[in-house]
Amino acid sequence: MNEQRDFLSSRELHDNPFRVSEGYFDSLEDRMLARIAAQDQALAEERPKRPAWRILKPALTLAAMFALIFGMGYGVLSLTHTLDRGTGTTSVEDYASAEEQMIRPLSIINYYQTAEPADETGEIDEETLVSYLTSELTYADLAAIYAQSY
Amino acid sequence: MATDREILELYREGGREEAFRLLVRSYQERLYWHIRRMVLDADDADDCLQNTFLKAWRSLENFRGDAQLYTWLYRIATNETLSFLSRQQTRGEYAGLEAADRLPSDPWFDGDQVQTALHQAIAKLPPKQKAVFLLRYFEEMPYEKIAQVLETSEGALKASYHHAYEKVKAWMKESLEAKY
């Protein structure tokens, strides 16, 4: 045989030597759709049925969480508002007074007594006074003092 | 044959089943013969083709249209067939060699000695190289399209096809010369 012969170059080799059974292609689309339907049916049967409460469980859990948070918030607010035990209610003025009590700044005398002793004269030096004014009093306090002075 | 556009429009308008029928009718033969040349056995080719269309049915919803339906379907079919061949592979031999040996007695194969030698030679190729050879030699698919089907560069495909061509030619020569 010619060793140079290239068998693959023959166009006849591109002819199709394979066969299929009669009607194979005509029926394929019906067979495919039947197989898809059977697969979908099998998937639907495999999925277990869930009771109603399981379906509602996420919504119920969410509702319970909101109820708990609301209840806790209401409880905390109720406790903080019952300072006036006689009436069971607390006015805004009472609350403000209580707040003032808790965060009332030191008076200048208390401040001077807790600070380093300035000198033996017992007088309050200017530096201590300025330190007191800037550290212990708020702007509101300073404004009130200024208003009272004039 | 329906166009890609007609099939996709019909699908999006809610005619899923009718669109799928059009898809099957339009592409079944081309896909079948491509698969059949890879696996050789008629029943195996039928299985792979049906699995291809099943995957197409499940994935058509997500088809973005960035490739033609043609290359998309060929990609599914080739991947499905390569997976099949991979599952069939035993003892270090490429799958399909047994089916190639049975070709002369296969009732669904009408090829002569030269065609038998050709398909037996092709069966010896590594699976992916076999796919490259079949798409280029029989389908005469442009390298650009083969690159989309196999998701490989054109350069690599050209090299792969050249090597496959030389191997098949040599094996055919060896087989036919042994018969004379």
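This text follows the structure it describes.
Scoring rules and cut-offs
Residues numbered from 1 in each chain as written. Chains lettered and ligands numbered in written order. Predicted model: local features only at pLDDT ≥ 70, side-chain atom pairs only at ≥ 80, totals over all residues. Bend = angle between axes of the 7 residues up to and from the residue. Helix = DSSP H or I, 4+ residues; strand = E, 2+ residues; numbered from the N terminus. Contact = placed C-beta atoms within 7 Å. Nonpolar A, V, L, I, M, F, W, Y, C, P; charged D, E, K, R; others polar. Buried ≥ 20, exposed ≤ 12 C-beta atoms within 10 Å, placed from the backbone. Core = buried A, V, L, I, M, F, W, Y, C linked by C-beta atoms within 7 Å. Axes fitted to C-alpha atoms, helices over the stretch in contact; angles between N-to-C directions. Parallel < 35°, antiparallel > 145°, perpendicular 65-115°, else oblique. Left-handed = near helix turned anticlockwise from the far one by under 90°.

A.B. asks: Give a description of helix H2 (residues 16-39) of chain B that names residues and reports values.
C.D. replies: The sharpest bend along H2 of chain B reaches about 50 degrees and sits at Tyr-27 of chain B. After H2 of chain B finishes, the residue Leu-40 of chain B shows a positive phi value of roughly 70 degrees.

A.B. asks: Give a description of the interface of chain B and chain A that names residues and reports values.
C.D. replies: The interface of chain B with chain A comprises 28 residues on the first partner and 18 residues on the second. Elements that contribute at least two residues to the side of chain B that touches chain A include exactly H2, helix H3 (42-59), helix H6 (113-122) and helix H9 (154-179) of chain B. The element contributing the most residues to the side of chain B that touches chain A is H2 of chain B, with eight residues. Counted by class, the side of chain B that touches chain A contains 15 nonpolar, four polar and nine charged residues.

A.B. asks: So what's going on with unusual backbone geometry? Which residues, and what values?
C.D. replies: Phi is mostly negative for residues that are not glycine, and the peptide bonds are mostly trans. Residues and elements named next belong to chain B. Here Leu-40, not a glycine, exhibits a phi torsion of approximately 70 degrees, which is positive. Unlike most non-glycine residues, Glu-140 shows phi in positive territory, near 50 degrees. Within the fold, Glu-140 resides in the loop between helix H7 (127-137) and helix H8 (143-150). Judged by the 8 C-beta atoms lying within 10 Å of it, Glu-140 falls in the exposed class.

A.B. asks: Hey, could you go over the nonpolar core for me, with residue numbers and the actual values?
C.D. replies: With 49 residues, the main nonpolar core has Ile-35, Val-39, Leu-73 and Val-132 of chain B as its most contacted residues. Contributing elements (two or more residues each) for this core: helix H1 (24-46) of chain A together with H2, H3, helix H4 (69-88), H6, H7, H8 and H9 of chain B. In terms of residues, this core owes the most to one element, H2 of chain B, which gives ten residues. Not counting residues up to four positions away in its chain, the partners in contact with Ile-35 of chain B are Ala-45, Cys-48, Leu-49, Ala-77 and Thr-81 of chain B.

A.B. asks: Provide a residue-level description of the packing of H1 of chain A against H3 of chain B, including the pertinent values.
C.D. replies: The description of two packed helices rests on the angle between their axes and on the distance between the axes. The interhelical angle for the contact between H1 of chain A and H3 of chain B, taken along N-to-C directions, is 60 degrees, at an axis separation of 11 Å. Between H1 of chain A and H3 of chain B, the crossing angle belongs to the class labelled oblique. Every pair of crossing elements has a handedness; the one defined by H1 of chain A and H3 of chain B is right-handed. Residues Met-32, Arg-35 and Ile-36 of chain A of H1 of chain A form the contact with H3 of chain B, whose participating residues are Gln-50, Phe-53, Leu-54 and Trp-57 of chain B. Split into classes, the residues belonging to the contact of H1 of chain A with H3 of chain B amount to five nonpolar, one polar and one charged.

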